[in-house]
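Reading the structure
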Amino acid sequence: MAQLNPGNQNHPLIEVIHSDADKISGRAKLIQQGYVVKLYNLDAPKQLFASLSQNLPSNQAAAKSTLEQRMQQHGRQALQQQLILAYQGLSLAIQYQVDRYPAVLFGQGRAVIYGVTDLEQALSLYRQWQCGLNR
């Protein structure tokens, strides 16, 4: 019951849960081949909060004022959207019961390849697994 890319029925949705420490490769090539590849960085919330709190004054009242100004500059709705996007990886990991990363998920979590950052290699492993199911 994999969600397929509507443009090509042979290409499952590929979702990658990773961190800043993981160098993900092969994405561009898979996209060229018609795959939909979505990356979810678990460090995104930390990055967002770091950017908002960068160079805040040490005085609590001044820091609060500066932070409120930054939030207004970003726009509250835009910031809310950034927060939602930042936490998507964690939400997806919980939904699919992913217990470690990097994790490459195929067909809405139907299959998971752990520890692989080369997406072409992960796809190859997934295809091998599929062949084993069809025997």
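Up top you'll find the structure we're talking about.
Reading guide: rules and limits
Within each chain, residues carry numbers counting from 1 in the order of the written sequence. Per-residue local features are limited, in this predicted model, to residues with pLDDT of at least 70; the limit for side-chain atom pairs, both in listing and counting, is 80 or more; totals at the level of whole chains, interfaces and linings are taken over all residues. Side-chain figures throughout are based on the complete set of non-hydrogen atoms in the structure, without hydrogens or water. When a residue's accessible area, from a 1.4 Å probe over protein chains only, is under 20% of the maximum for its type it is buried; when over 50% it is exposed; and in between it is partly exposed. Counting from the N terminus, the helices are DSSP H or I runs at least four residues long and the strands are E runs at least two residues long. Two strands make a pair as long as DSSP finds a minimum of two bridges between them. Aromatic contacts are taken between Phe, Tyr and Trp rings whose centres are within 6.5 Å, Trp giving its six-membered ring; a plane angle under 30 degrees counts as stacked, one over 60 as edge-to-face, and the others as tilted. What is meant by a nonpolar core is a set of buried Ala, Val, Leu, Ile, Met, Phe, Trp, Tyr and Cys residues, joined one to another through side-chain atoms within 4.5 Å. Two residues form a contact once any of their heavy atoms are found within 4.5 Å. Every angle, taken between N-to-C directions, lies between 0 and 180 degrees, and every axis is a line fitted to C-alpha atoms, over only the stretch in contact when it is a helix.

The next thing to look at is the pairing of strand 1 (residues 14-18). Of all the 5 residues making up strand 1, 5 are buried; the element is thus mostly covered by neighbouring parts of the structure. Residues Ile 14, Val 16 and His 18 line one face of strand 1 and the alternating positions Glu 15 and Ile 17 line the opposite face, and both faces are buried. Bridge count for strand 1 against strand 2 (residues 37-41) is 5 bridges, and the pairing is parallel. Bridged to His 18 within strand 2 is Asn 41. Summarising the sheet, strand 1 and strand 3 (residues 103-106) pair through 4 bridges and their orientation is antiparallel. From the neighbouring strand, Ile 17 faces strand 3, where its bridge partner is Ala 103.

A separate point is the packing of aromatic side chains. Taken as a whole and judged by the stated rule, the model has 2 aromatic pairs. Plain terms: the ring middles of Phe 106 and Tyr 126 are 4.2 Å apart, the flat faces sit at 5° to each other, and that makes the pair stacked. Residue Phe 106 is located in strand 3, and its partner Tyr 126 is located in helix 6 (residues 119-133); the two are separated by 20 residues in the primary sequence. Considered together, Phe 106 and Tyr 126 belong to a single accessibility category, that of buried residues. Among the aromatic side chains, those forming a connected cluster through ring pairs are Phe 106, Tyr 126 and Trp 129.

This next bit is on the nonpolar core. Counting 15 residues, the largest nonpolar core has Ile 14, Val 16, Leu 30, Val 37, Val 104, Phe 106 and Leu 119 as its most contacted members. Of all the secondary structure elements, the ones that give two or more residues to this core are strand 1, strand 3, strand 4 (111-114) and helix 6. The dominant element in this core, judged by the number of residues it contributes, is helix 6, at 4 residues. With near-sequence residues (within four places) excluded, Phe 106 lies in contact with Pro 12, Leu 13, Ile 14, Ala 111, Ile 113, Ala 122, Leu 123 and Tyr 126. In this structure, Tyr 40, Tyr 96, Val 98 and Ala 103 belong to the second largest nonpolar core, which totals 8 residues.

The sheet built from 4 strands is open, its strands ordered 2-1-3-4 with mixed pairing. Among the strands making up the open sheet, the edge pair consists of strand 2 and strand 4. Averaged over neighbouring strand pairs, the angle between their axes works out to 20° when direction is ignored. Sheet contacts for helix 5 (residues 88-95): strand 1 and strand 2; angle to strand 1, the most-contacted strand, approximately 110°.

Purely geometric numbers; function is a separate question.
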